[in-house]
Amino acid sequence: MVSSGPSPIVSLTMVSKSFGRTRALDEVSLDLMAGEIHVLAGENGAGKSTLIRILSGSHQAYQGELRVAGRQLRFAGPQDAFRAGVATIHQELSLVGPMSVADNLLMGQRGSAWALVRPAAELERARRVLAAVGLDIDPTRLVETFPLATRQLIEVARALAQDAQVLVMDEPTSALSEAEAEHLFERIETLREQGHGVLYISHRMEEIERLADRISVLRDGRLVTTARASELSRDALVRAMVGRDLTGVAKLEPPPAADAPLLDVAGLSVEAPHGQGGPLVSDLSLSLWPGEVVGLAGLQGSGAAAVLYALFGALPRAAGHITLAGHRLDSPSPKTCIDSGMVLLSGDRELSLVRELSAHDNVALSSLPTFSSLGWLRQQQLRRAVQQTTAKLRLSCPSLDAPTSQLSGGNQQKVALARCLLTEPRLLLLDEPTRGIDVGAKQDVYELVSRLAKRGVAVLLLASELDELMLLCHRIVVLARGKVVAEHHREQFSRRRLIASAMGDDDGEAA
Ligand SMILES: Nc1ncnc2c1ncn2[C@@H]1O[C@H](COP(=O)(O)OP(=O)(O)OP(=O)(O)O)[C@@H](O)[C@H]1O
Ligand SMILES: [Mg+2]
């Protein structure tokens, strides 16, 4: 190849990496130019994060060559990558939970351990760093006290603050609302204008189309194509990623007729933990019929998430009654909820999965009583059931017995979902079920939700992507400040109206 024009700021040549018998990367070559947003796309397990971990110094053992600004380098650790001008936002966040926000942001920048008390000037600097991603929070608070979306923004802020020439972002918006993501996109576009190089991973098509100058697609560890974004249609991109055309999701049918609601929630109130701020939910009532898919929408802090967690007994409720299939759940705990046929998929994989346990054991975890008799676990039957459920979700992992920590992010999400399904719930509470899941698998999840609904399972769905809510739900309930402010029915769904009612604009209901 004859080289012409500007030289790349990062170039990876013939990079390969194996984990045991898994060939995660197979002779991948890729260039990142200054002033370019280069999207790295591909199915769950295609090798994207592995490539990112090589570029960020987390993996040191690999074959092939890495050049940054023309210099051939071999990083001995993340600090080396940082010094070479590569800042990384990791898919599984790299913040230290029991440390303050400021310590997380400024760590490493003074070249020494963190200080016990930060001088005012440093706290001020931390606040400025946070403001750049639209966060206005107390930098002395511990990172672990914030919800996932905030933690993800802190991780983004930290990478941006490094003012690195190269920014590597591995699904930086997977936990963000559309508004928060939009704010980040504007920042990323400014970085491009200033001549930084951005390597960006996402499973959200709208995002890829909005940001990408060029797109590289990985499949099974191999580079399938690198193309200008303008020359790659959405269909062609999907085909390159999944190796087939997607059929589209079957039309949603109305819920089957039933005599009584499956779930009745009356006067539910939930206080904020440690009395911080006002109540999360106040005096909320809601019914769900068998086979109904109901969406919960609302901005960050609207209380939508708190409803799910309070129903499942994972957040204490201050008042209210919950009736499931005619039975009152007086002091529900996650265990009694599962026993009565209600299960929650948590939006935070770090909380729901035991990373050291195998994929098999994580899937089995909530269903052990079902597969036990007289104190004996019916191992073979359990294993068959786990295999069937994970196959339905096209889980891709070297072995069901491998620790879950070795699965790619999207495949971990499938494990969490499979665990819920194995309990054979009558009511499924889903918090961002498709977080980090690739386009093909998203369709599988959508099909699955429709199929379950057809069989009479009710679904309460929280999703930050409005398109996902509008595709799957019969009804969308909008919350603001802990109260229901609007209810939209399928026939009248529109993005504009949903956004309007979430922002507390009355037109949302009237129009
Ligand atoms: N530490 C590890 N030990 C063993 N196998 C691993 C390890 N890390 C990754 N793998 C395997 O390497 C392959 C590529 O994983 P990787 O995390 O790079 O995928 P990905 O493209 O980022 O997927 P996703 O979209 O789900 O995040 C997968 O088969 C995964 O199971
Ligand atoms: Mg990944």
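Just so you know, these numbers come straight off a predicted model, no measurement behind them.

Here is what the cut-offs are and how they apply
Residues numbered from 1 in each chain as written. Chains lettered and ligands numbered in written order. Predicted model: local features only at pLDDT ≥ 70, side-chain atom pairs only at ≥ 80, totals over all residues. Heavy atoms only, no water. Salt bridge = Lys/Arg side-chain N within 4 Å of Asp/Glu carboxyl O. Helix = DSSP H or I, 4+ residues; strand = E, 2+ residues; numbered from the N terminus. Buried < 20%, exposed > 50% of the residue type's maximum accessible area, 1.4 Å probe, protein only. Pairing = 2+ DSSP bridges. Axes fitted to C-alpha atoms, helices over the stretch in contact; angles between N-to-C directions. Contact = heavy atoms within 4.5 Å. Donors = N, O, S within 2.8 Å, 3.2 Å for Na, K, Ca; no water. Core = buried A, V, L, I, M, F, W, Y, C linked by side-chain atoms within 4.5 Å. Disulfide = S-S within 2.5 Å. Patch = residues over 30% accessible without salt bridge, like charges linked within 9 Å, V, L, I, M, F, W, Y side chains within 5 Å. Areas by Shrake-Rupley, 256 points an atom, 1.4 Å probe, with all protein chains shown as cover. Near = heavy atom within 4 Å. Polar contact = N/O pair within 3.5 Å; in protein donor to acceptor, adjacent residues only side chain to side chain. Nonpolar A, V, L, I, M, F, W, Y, C, P; charged D, E, K, R; others polar. Domains from an automatic or database assignment. Buried area = accessible area lost by both parts, 1.4 Å probe. Phe/Tyr/Trp six-rings, centres within 6.5 Å; stacked < 30°, edge-to-face > 60°. Lys NZ or Arg CZ within 6 Å of the ring centre and 35° of its normal.

### Side note on the pattern of salt bridges
Inference 1: Tallied over the full model, the rule gives 27 salt bridges.
Inference 2: Across the pair R151 and D348 runs a salt bridge whose closest N-O atoms are separated by 2.9 Å. A residue pair is termed long-range when its members are at least 10 positions apart, and R151 in helix α5 (residues 148-161) and D348 in the loop between β16 (342-345) and α11 (349-352) qualify at 197 residues.
Inference 3: For D348, a relative accessible area of 9% corresponds to the buried category.
Inference 4: Of the charged contacts in the structure, one is a salt bridge between E465 and K442, with a shortest N-O distance of 3.8 Å. Taken together, the residues E465 in the loop between β20 (458-462) and α16 (466-472) and K442 in helix α15 (residues 439-454) connect sequence positions 23 residues apart.
Inference 5: Residue E465 is classed as buried on the basis of its relative accessible area of 15%.

### A few points about the sheet that holds strand β3 (residues 37-41)
Inference 1: Ordered in space as β6-β7-β8-β3-β9-β10, the six strands form an open sheet in which the pairing is mixed. The open sheet terminates on both sides in strands that have one partner only, identified here as β6 (86-89) and β10 (222-228). The average angle at which neighbouring strand axes cross in this sheet is 15°, direction not considered.
Inference 2: With four bridges connecting them, β6 and strand β7 (residues 166-170) associate as parallel partners. Across the sheet, the residue bridging to I89 is M169, located in β7.
Inference 3: Against the sheet, helix α1 (residues 48-55) touches β3, β6, β7, β8 (197-201) and β9 (214-219), its axis set at about 150° to β8.
Inference 4: Set on the sheet, helix α6 (residues 178-193) makes contact with β3, β7 and β8; between it and β8 the angle comes to about 145°.

### Brief notes about the coordination of the magnesium ion (ligand 2)
Inference 1: Here the magnesium ion (ligand 2) is held by S49 (OG) and Q91 (OE1), and the distances to it run 2.0 to 2.2 Å. Residue S49 is found in helix α1, and its partner Q91 is found in the loop between β6 and α3 (101-106); the two are separated by 42 residues along the sequence. Residues S49 and Q91 agree in their burial class; the two are buried.

### A short note on the nonpolar core
Inference 1: Core analysis: the largest hydrophobic core is formed by 51 residues, its most contacted members being L105, I154, Y200, I215 and L237.
Inference 2: The dominant element in this core, judged by the number of residues it contributes, is α5, at seven residues.
Inference 3: Excluding anything up to four places from it in sequence, L105 contacts A126, V129, L130, I154, A157 and R158.
Inference 4: Counting 48 residues, the second largest nonpolar core, distinct from the first, contains V459, M470, A486 and F493.

### Here's the deal with the state of the cysteines
Inference 1: If you walk through the whole model with that rule in mind, you get zero disulfides.
Inference 2: For C397, which is in no disulfide, the shortest distance to another cysteine sulfur is to C420 and amounts to 17 Å.
Inference 3: Free cysteine C420: the closest other cysteine sulfur is in C337, separated by 12 Å.
Inference 4: On the basis of relative accessible area, C420 is assigned to the buried category, the value being 3%.

### Digging into a nonpolar patch on the surface
Inference 1: A contiguous nonpolar surface patch, about 250 Å² in accessible area, is contributed by V354, L365, L368 and L377.
Inference 2: Topologically, V354 is positioned in the loop between α11 and α12 (359-364).
Inference 3: Relative accessible area serves as the criterion here: at 32%, V354 is assigned to the partly exposed category.

### Considerations on the site of ligand 1
Inference 1: Around ligand 1 there are 19 residues in total, and G45, K48, T50, S408 and G410 lie nearest to it.
Inference 2: Within the backbone of G47, a nitrogen or oxygen atom sits 2.9 Å from an oxygen atom of ligand 1.
Inference 3: With respect to ligand 1, the backbone of Q406 contributes an N or O atom lying 2.9 Å from an oxygen atom.
Inference 4: When ligand 1 sits alone it has 650 Å² of accessible area, and the protein chains cover 90% of it.
Inference 5: Contributions of two or more residues to the shell around ligand 1 are made by β2 (22-32), α1 and α14 (409-422).
Inference 6: Broken down by element, the residue count for the shell around ligand 1 peaks at three residues, all from α1.
Inference 7: In the shell around ligand 1, the residues fall into four nonpolar, 12 polar and three charged.
Inference 8: Domain assignment of the residues forming the shell around ligand 1 places at least three in each of domain 1 (10-242) and domain 3 (350-423).

### Observations regarding the domain arrangement of the chain
Inference 1: When cut into domains, the chain gives domain 1 (10-242), domain 2 (253-341 + 425-511) and domain 3 (350-423).
Inference 2: Between domain 1 and domain 2, the C-alpha centre-to-centre distance is 32 Å.
Inference 3: In total, domain 1 and domain 2 occlude about 1300 Å² of area from one another, counting both sides; carbon and sulfur atoms represent 44% of this.
Inference 4: The largest contributions to the domain 1 side of the interface with domain 2 come from N44, E178 and H203, which together make up 35% of the buried area.
Inference 5: Inspection of the domain 1/domain 2 interface yields two salt bridges.

### Some details on the sheet that holds β2
Inference 1: Pairing in this open sheet of four strands is antiparallel, and the strands run β2-β1-β4-β5 from one edge to the other. Here the strands that pair on one side only, and so sit at the sheet edges, are β2 and β5 (71-73). With direction set aside, neighbouring strand axes in the sheet form an average angle of 30°.
Inference 2: Of the pairings in the sheet, the one linking strand β1 (residues 10-19) to β2 comprises seven bridges and is antiparallel in character. Of the residues in β2, the one forming a bridge with K17 is L25.
Inference 3: The strands touched by α1 are β1, β2 and β4 (63-68); relative to β1, the strand with the most contacts, the crossing angle is about 115°.

### Looking at the environment of G47
Inference 1: Tracing the backbone shows G47 in the loop between β3 and α1.
Inference 2: Sequence separation between G47 and D26 is 21 residues; the distance between their C-alpha atoms is 9.2 Å.

### Things to note about the packing of aromatic side chains
Inference 1: Under the defined criterion, the tally for this structure stands at zero aromatic pairs.
Inference 2: It is R74 that lies over the ring of Y62; its NZ or CZ is 4.0 Å from the centre.
Inference 3: Across from the ring centre of F146, 4.1 Å away, lies the NZ or CZ of R141, which sits over that ring.

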